[in-house]
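Fold and contact review
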Amino acid sequence: MNKSEIRKKILRIRKKNSKNLKIDFENIYKILKNRSNCKIIGGYYPYNYEVDTIEVLNKLEKKNFNISLPKIKENSQMNFFSWSKNDPLTINKQGIPEPTSKKIIYPDILLVPIVAYDKHFNRIGYGGGFYDRYIKKIKKMKDIYTIGLAYPFQKVKKVPTNKNDIRLNYVITTKKNK
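Heads up: these notes are all about the structure in this document. This structure is a prediction, so every number in the text was calculated from the model and none was measured.

1. Let's talk about a positive patch on the surface
On the surface, K8, K9, R12 and K16 cluster together into a positively charged patch. Its location among the elements puts K8 in helix α1 (residues 3–17). Classification of K8 by relative accessible area gives exposed; the value is 55%.

Now the structure itself:
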């Protein structure tokens, strides 16, 4: 299957199967504790049945991490801006909430939404290349650790890749809420 076929299939499955699944905060926190110099988290506001990160981001903020969310710019570029759980958000053209802050932040850890992924931590997103371009840009400035957040059913045998695709450092999946 090509990326487009995988994307359509997994998005259809995700729409039906994403209820009552959450990321285990302790899994993320263990990774962060091992990277003691990392205090700036780049998160995302969940959209289109993505893994919900808001609870995780709120817990990280309580543990004194600086939180940021992405804003998409006119030229299909993306930057991350400071955000706190009580800060207002605006809705962009794609219908995704974005921070109103004008303070650009460069994350140490980037939580990345996933449509599909494989055992080598290659990922498929929505096809716009926003995260691949952003990760490539920020890696020229600083070390960044990328963690994909996904449902177990989003794992595929092999993600087709090209020269523009950036492999993640790690993928964490959800667990059922009891």
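2. What about the packing of aromatic side chains?
Counting across every chain of the model gives 7 aromatic pairs. Look at F80 and Y131: their rings are 6.4 Å apart centre to centre, the planes differ by 65 degrees, and that puts the pair in the edge-to-face class. Here Y131 lies in helix α4 (residues 130–139) and F80 lies in strand β4 (residues 78–82), a separation of 51 residues in the sequence. The same class applies to F80 and to Y131, which are both buried.

3. Observations regarding the environment of I135
Checked against the element boundaries, I135 lands in helix α4. Residues I135 and R167, 32 residues apart in the sequence, show an inter-C-alpha distance of 9.7 Å. The contacts of I135, once residues within four sequence positions are left out, are L110, T146 and I166.

4. Description of the pattern of salt bridges
Throughout the structure, instances matching the rule amount to 5 salt bridges. Note that E55 and K59 form a salt bridge whose closest N and O atoms lie 3.4 Å from each other. You can see E55 and its partner K59 sitting in helix α3 (residues 54–62), 4 residues apart, about one turn around the helix. When its relative accessible area of 37% is taken as the criterion, E55 is described as partly exposed.

5. Overview of the nonpolar core
With 41 residues, the main nonpolar core has I41, L60, I109, L110, I147 and L149 as its most contacted residues. Examining the composition of this core, we find that 5 residues originate from one element, helix α2 (residues 25–33), more than from any other. If we ignore the near neighbours within four places in the chain, the residues touching L110 are G42, F80, Y131, Y134, I135, I144, Y145, T146 and I147.

About the criteria used
- Residues numbered from 1 in each chain as written.
- Predicted model: local features only at pLDDT ≥ 70, side-chain atom pairs only at ≥ 80, totals over all residues.
- Heavy atoms only, no water.
- Patch = residues over 30% accessible without salt bridge, like charges linked within 9 Å, V, L, I, M, F, W, Y side chains within 5 Å.
- Areas by Shrake-Rupley, 256 points an atom, 1.4 Å probe, with all protein chains shown as cover.
- Salt bridge = Lys/Arg side-chain N within 4 Å of Asp/Glu carboxyl O.
- Lys, Arg positive; Asp, Glu negative; His and termini not counted.
- Charge placed at Lys NZ, Arg CZ, Asp CG, Glu CD.
- Helix = DSSP H or I, 4+ residues; strand = E, 2+ residues; numbered from the N terminus.
- Buried < 20%, exposed > 50% of the residue type's maximum accessible area, 1.4 Å probe, protein only.
- Phe/Tyr/Trp six-rings, centres within 6.5 Å; stacked < 30°, edge-to-face > 60°.
- Contact = heavy atoms within 4.5 Å.
- Core = buried A, V, L, I, M, F, W, Y, C linked by side-chain atoms within 4.5 Å.

The values are spatial; any link to function lies outside them.
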